[in-house]
Amino acid sequence: MQNNLEDEKLIGLIVGGISNEFSKNIIKGVEGAIPKNSGIRLAVLPGELMVKDFEGAGVLQHNAMFNSVYNLGNICKMDGLIIAMGSIGWLLDEKDTRKFLNQFEGIPTVLIASDYKDYTTVNYDNAMGIREAIDCLVGIYGYTEIGMIGGYEENVDAIRRKNIYINALEENGIEFREKLYAASDMSENSDEAAKKLIKNNPGLQAVFCVNDAAAVGLYRVMNKMKIIPGKDIKVFGFDNTHKAAIMSPPLSSVGPDKISLGQKAFELLMDKIAGEQVESVQIPTRLHGRQSLVYDKYDFSIKDLFNADEKMINRMFEDCFYRYASEATGWDGVNLKRLFYEIISRIFKGLKRRYIGIDEFNEIGQLIDIFFNNRAMEYTDVWKFHRSVYRLQTGINKQNLGRENVFVNRLFLRMKDDALRALSDQGTKENYDNLMFRGQLRRFLIRGMDYGGDKKSVMRDLMNSMDLLNIRNAAFYLFDNPVLKENIERKEYPEKINLKTVIKFGEVYAISEEKQERSLSDIFLQREIRTYNIRFVAFPIFYEKYFYGFLLCELTEDLYDQGELISNIMGTMIHIISIS
């Protein structure tokens, strides 16, 4: 073990930003896989796309400075690293990629979405889910005009997915034609590729998008052309991100069957740290059907349900609450899978004996309330859940059981009401939190623009205002002097850095000058907030070519969308103070 705390391990997770859906899925998978009270701390290091000559010199410099956070993976005594190559390096040539990876030599490492044979890697089994979707479109819907919005030729997964798509068509007796394919940049700005595909194929019946992000641009173009996804043209994506479930209509998507990329990468890394021999792994995938391509992987056998078959009920849960296995592993709350089995089995046991008393009815209703009050809807999407309930109700109502049918329908109605209420409460909270954050950020900016005093007092006032940034627990570090871009490129950092301020449960505490100096390699081991936080995300604080320090924050849901904005604003304000 490299760190000097014998009962703990520090795991680094390098990703290309934390606001994109692919990175979010990986982070949540790793976070969910960490057992509670395991002594394992997670340091998320989010940078930007590593690429040359892309989007201009200004963007290139910004990304290069932001990516300095990656160097903490080598500097900060990590026990192991997970590197999501699919989100940070897919436009680099092999020489530059190898140079990047070589800096972590000697640290146990697992790569996600990579084809380097000399590294332990975790990849999707692209073929399983894509073939399932193509087989559904051809075998169930009878379609032959199936197009694809692809990605960059340099992207490993984009190449694989295109080849699998072509092979799946040919396996179903459909000849691939080049006009059925349009390349995109694999982002939400895939509008041009979508327009080209639709224009070149007037009889287009279905579209496979190389990832869920590309489907956003396709939806936008289809909306302008009055084409309805799922009705006029079937659509499915890849990655099964959270965003797929909230698109309108909900996007069908290929994604992991039972275990996520992040979860498996963490498991392999822990085995590797323990000295075990590990092999690269492909994660099984499946098509998660939604409204853009209605597809049910499993039939619900009412006969088996009447017998309260545990495997059948668990399969129902896994199909509907498909994120639970990968995102709730380390959570010590209610076991939702076990509770779901209790609810469904009691309903069907009552139907089987043709009696559900009022006390039993009320008890099941209370269990339903507990189920949804414990975050159940975070692990599914509303379309998937409502369709599952509809299928259950339809099967039961065909049995014509009289009074028991009435009770059961009321229980299922309670499920729907609880689910909608949970979603409404979540949406209301998010809107309120966003309004509050904008107001607090404005106050922070106003305070930071008061440059009436000397630099030291202005800086102190700025740091004392950090309670307005919607951060729960954090540590704020600054170098004595800013590190210049050329030093960053040579990976030359000062050995010492100053811990200026910590935030504990939203309260700001200044660190006295005589206690500020720390070793840069130990910033994740500091004692001030580590007892409150075992999930860090590190943001670089910089402005143009001047690198000032790091903001280490507790990884909370708000920071996925707000963290980079906060760090950019702080970098700008600190730069203004330093030159004023």
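Let me begin by describing the structure that accompanies this report. None of these values were measured; they are calculated from a predicted model.

## Considering the overall build of the protein
- Scanning the protein from N- to C-terminus turns up 21 helices and 18 strands.
- Here the protein has a C-alpha radius of gyration of 26 Å; the compact-globule value for 580 residues is 25 Å, and the two agree.
- Taken along its principal axes, the extent of the C-alpha atoms in the protein is 80 × 60 × 50 Å.
- Here the protein holds 580 residues, and 57% of them are scored as buried.
- Residue pairs at least 24 apart in sequence account for 74% of intrachain contacts in the protein once pairs closer than 6 positions are excluded.

## Overview of the pattern of salt bridges
- Per the stated rule, a full pass over the model turns up 33 salt bridges.
- One salt bridge in this structure joins arginine 220 and aspartate 191, with 2.7 Å as the shortest N-O distance. With arginine 220 in helix H9 (residues 212-224) and aspartate 191 in helix H8 (residues 191-200), the pair connects residues that are 29 residues apart, well separated along the chain.
- Overall, the relative accessible area of 32% leaves arginine 220 in the partly exposed class.
- Glutamate 342 is the partner of arginine 346 in a salt bridge, and the nearest nitrogen-oxygen pair spans 3.7 Å. Linking arginine 346 with glutamate 342, this pair stays in helix H15 (residues 336-352), spanning four residues, or about one helical turn.
- Salt bridges here are not isolated pairs; linked through shared partners, they connect Arg338, Glu342, Arg346, Arg353, Glu360 and Glu363.

## Some remarks on the packing of H15 against helix H16 (residues 358-373)
- With their axes 10 Å apart at the nearest point, H15 and H16 run at an angle of 155° to one another. On the basis of the axis angle, H15 is roughly antiparallel to H16. Crossing handedness for the pair H15 and H16: left-handed. On H16, the residues that touch Leu336, Leu339, Phe340, Glu342, Ile343, Arg346 and Ile347 of H15 are Glu360, Glu363, Ile364, Leu367, Ile368, Ile370 and Phe371.
- Across the contact of H15 with H16, the residue classes tally to ten nonpolar, no polar and four charged.

## As for the side chain of glutamine 103
- Along the chain, glutamine 103 falls in the loop between helix H5 (94-102) and strand S4 (109-112).
- For glutamine 103, a relative accessible area of 14% corresponds to the buried category.
- In this structure the side chain of glutamine 103 is engaged in a polar contact, spanning 3.1 Å, whose partner is the backbone oxygen of phenylalanine 100.

## Brief notes about the environment of tyrosine 341
- Mapped onto the fold, tyrosine 341 is located in helix H15.
- Considering only alpha carbons, one finds tyrosine 341 and methionine 312, 29 residues apart in sequence, at a separation of 9.6 Å.

## Quick notes on helix H6 (residues 126-139)
- For H6, spanning 14 residues, the distance from its first C-alpha to its last is 20 Å, which sits close to the expected 20 Å at 1.5 Å a residue.
- The buried fraction of H6 amounts to ten of the 14 residues, a majority that puts the element mostly inside the structure.
- Residues Asn126, Ala127, Gly129, Ile130, Glu132, Ala133, Ile134, Cys136, Leu137 and Val138 constitute the buried set of H6.

## Quick word on the packing of aromatic side chains
- If you walk through the whole model with that rule in mind, you get 24 aromatic pairs.
- Measuring from centroid to centroid gives 5.7 Å for tyrosine 70 and phenylalanine 100, while their planes differ by 70°, and the two rings are edge-to-face. With tyrosine 70 in the loop between helix H2 (56-66) and helix H3 (72-75) and phenylalanine 100 in helix H5, this pair connects stretches of sequence that are 30 residues apart.
- What makes phenylalanine 100 buried here is its relative accessible area of 7%.
- When the ring of phenylalanine 317 is compared with that of phenylalanine 340, the centres are 5.4 Å apart and the planes differ by 55°; the resulting orientation is tilted. Of this pair, phenylalanine 317 sits in helix H13 (residues 310-320) while phenylalanine 340 sits in helix H15, and the two are 23 residues apart along the sequence.
- The class of phenylalanine 317 is buried, set by a relative accessible area of 2%.
- Three or more aromatic residues link up through ring pairs in this structure, and these residues are Phe317, Phe321, Tyr324, Phe340, Phe371, Phe372, Tyr379 and Phe385.
- Over the ring of phenylalanine 238 we find arginine 161; its NZ or CZ atom is 3.6 Å from the centre of that ring.

About the criteria used
Residues numbered from 1 in each chain as written. Predicted model: local features only at pLDDT ≥ 70, side-chain atom pairs only at ≥ 80, totals over all residues. Heavy atoms only, no water. Helix = DSSP H or I, 4+ residues; strand = E, 2+ residues; numbered from the N terminus. Rg over C-alpha atoms; globule rule 2.2 N^0.38 Å. Buried < 20%, exposed > 50% of the residue type's maximum accessible area, 1.4 Å probe, protein only. Contact = heavy atoms within 4.5 Å. Salt bridge = Lys/Arg side-chain N within 4 Å of Asp/Glu carboxyl O. Axes fitted to C-alpha atoms, helices over the stretch in contact; angles between N-to-C directions. Parallel < 35°, antiparallel > 145°, perpendicular 65-115°, else oblique. Left-handed = near helix turned anticlockwise from the far one by under 90°. Nonpolar A, V, L, I, M, F, W, Y, C, P; charged D, E, K, R; others polar. Polar contact = N/O pair within 3.5 Å; in protein donor to acceptor, adjacent residues only side chain to side chain. Expected span 1.5 Å × (residues − 1). Phe/Tyr/Trp six-rings, centres within 6.5 Å; stacked < 30°, edge-to-face > 60°. Lys NZ or Arg CZ within 6 Å of the ring centre and 35° of its normal.

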